[in-house]
Amino acid sequence: MLDARPPARLKTTVEAMDLLRRLGGIHGELMMHQSGGCCDGSSPMCYPAGEFIVGDRDVLLGYIDLRLGVGEVAKTLPEGPDGVAVWISGSQFQAWKHTQLVLDVVPGRGGGFSLESPEGVRFLSRGRAYTAEENDILAEHPPLVGVDWEEGRRPEVSDDPLVVAEAVDACPVPGILQG
């Protein structure tokens, strides 16, 4: 099991990538945090990089590579405005660690503090439960946390395509034939 590469904890749809690129063109380098509730529900929130303080125990869900298209795999980690770190609180991660999140966009009003709020759309997290085998592999590869990031550690480059055309491509709906 130790040889197996872990599956991605986060994938993104083309629409989410397009929105992040547009927001980055307006606001510069970005970051995201998967909200755990309260006034803005449990939406993924988008901020200018550094505007949300990442705690030492917050977990890095993924590092979105804005250079990628559907099915592409990066050779290097993105730098500067090409990379969007996506965080979640450590306690919320414990509840969701068995789930691959897919960052998507739907019509509606974004959270009050999230950059997409005036755009007429909002980010949405969708999920797919990992298989037992995937959970075993993930248990052998703990994610980076805020203190790791502050010390300069970065995730490995994934060999998994991280951008999907639609959310259903990463988290199919049971009983619905895809095709």
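Reference entry: report on the structure contained in this document.

The rules behind each value
Residues numbered from 1 in each chain as written. Predicted model: local features only at pLDDT ≥ 70, side-chain atom pairs only at ≥ 80, totals over all residues. Heavy atoms only, no water. 1 Å grid on protein atoms, 1.4 Å probe; cavity = no way out; pocket = protein on both sides within 12 Å on 5 of 7 lines; lining within 4 Å. Points joined across faces, edges and corners; volume = space filled by probe spheres on them. Helix = DSSP H or I, 4+ residues; strand = E, 2+ residues; numbered from the N terminus. Nonpolar A, V, L, I, M, F, W, Y, C, P; charged D, E, K, R; others polar. Expected span 1.5 Å × (residues − 1). Buried < 20%, exposed > 50% of the residue type's maximum accessible area, 1.4 Å probe, protein only. Arc of directions from axis to C-beta. Pairing = 2+ DSSP bridges. Salt bridge = Lys/Arg side-chain N within 4 Å of Asp/Glu carboxyl O.

**So, empty space enclosed by the protein**
Part 1 of the reasoning: On inspection of all chains with the given rule, the structure shows one cavity of 30 Å³ or more.
Part 2 of the reasoning: Put simply, the largest cavity is a space of about 50 Å³.
Part 3 of the reasoning: Looking at the largest cavity, the residues that line it are Leu10, Met32, Gln34, Pro44, Leu61, Val86, Leu101, Leu103 and Ser125.
Part 4 of the reasoning: Counting only elements with at least two residues in the lining of the largest cavity, the list comes to strand E2 (30–34) and strand E6 (99–107).
Part 5 of the reasoning: Of the residues assigned to the lining of the largest cavity, the class counts are seven nonpolar, two polar and no charged.

**Here's the deal with the layout of surface pockets**
Part 1 of the reasoning: Roughly 690 Å³ of volume is contained in the largest pocket.
Part 2 of the reasoning: Sorting the residues of the lining of the largest pocket by element identifies strand E1 (10–13) and strand E4 (59–65) as the ones contributing at least two each.
Part 3 of the reasoning: The element best represented in the lining of the largest pocket is E4, accounting for six residues.
Part 4 of the reasoning: Taken as a whole, the second largest pocket encloses approximately 290 Å³ of empty space.
Part 5 of the reasoning: In terms of lining, the second largest pocket is formed by 20 residues, of which the most central are Met31, Ala49, Ala85, Trp87 and Trp149.
Part 6 of the reasoning: Partitioning the lining of the second largest pocket into residue classes produces 12 nonpolar, four polar and four charged.

**Describing helix H1 (residues 14–27)**
Part 1 of the reasoning: Between its first and last C-alpha, H1 extends 20 Å over 14 residues, near the 20 Å set by a 1.5 Å rise per residue.
Part 2 of the reasoning: Taken together, the buried positions of H1 are Ala16, Met17, Leu19, Leu20 and Leu23. All buried residues of H1 fall inside an arc of 165° around its axis, so they share one side.
Part 3 of the reasoning: With its phi angle positive at about 85°, Gly28 sits one or two positions after the end of H1.

**A look at the sheet that holds E6**
Part 1 of the reasoning: If you trace the four strands from one edge of the open sheet to the other, you get E7-E6-E1-E8, paired in mixed fashion. Across the chains shown, the open sheet's two edge strands, defined by having one partner strand only, are strand E7 (121–129) and strand E8 (163–164).
Part 2 of the reasoning: As paired strands, E1 and E8 are joined by two bridges and run parallel to one another. Paired with Thr13 across the strands is Val164, a residue of E8.

**Description of the pattern of salt bridges**
Part 1 of the reasoning: Here the structure, examined in full by the defined rule, presents 10 salt bridges.
Part 2 of the reasoning: Glu119 serves as the salt-bridge partner of Arg22, at 3.3 Å between the closest nitrogen and oxygen. Of this pair, Arg22 sits in helix H1 while Glu119 is found in the loop between E6 and E7, placing the two residues 97 residues apart along the sequence.
Part 3 of the reasoning: Here Arg22 falls in the partly exposed class, since its relative accessible area comes to 41%.
Part 4 of the reasoning: The shortest N-O distance in the salt bridge between Arg153 and Glu151 comes to 2.9 Å.
Part 5 of the reasoning: Judged by relative accessible area, Glu151 falls into the exposed class, the value being 52%.
Part 6 of the reasoning: Each member of the salt-bridge network shares a partner with another, and the members are Arg5, Glu156 and Asp159.

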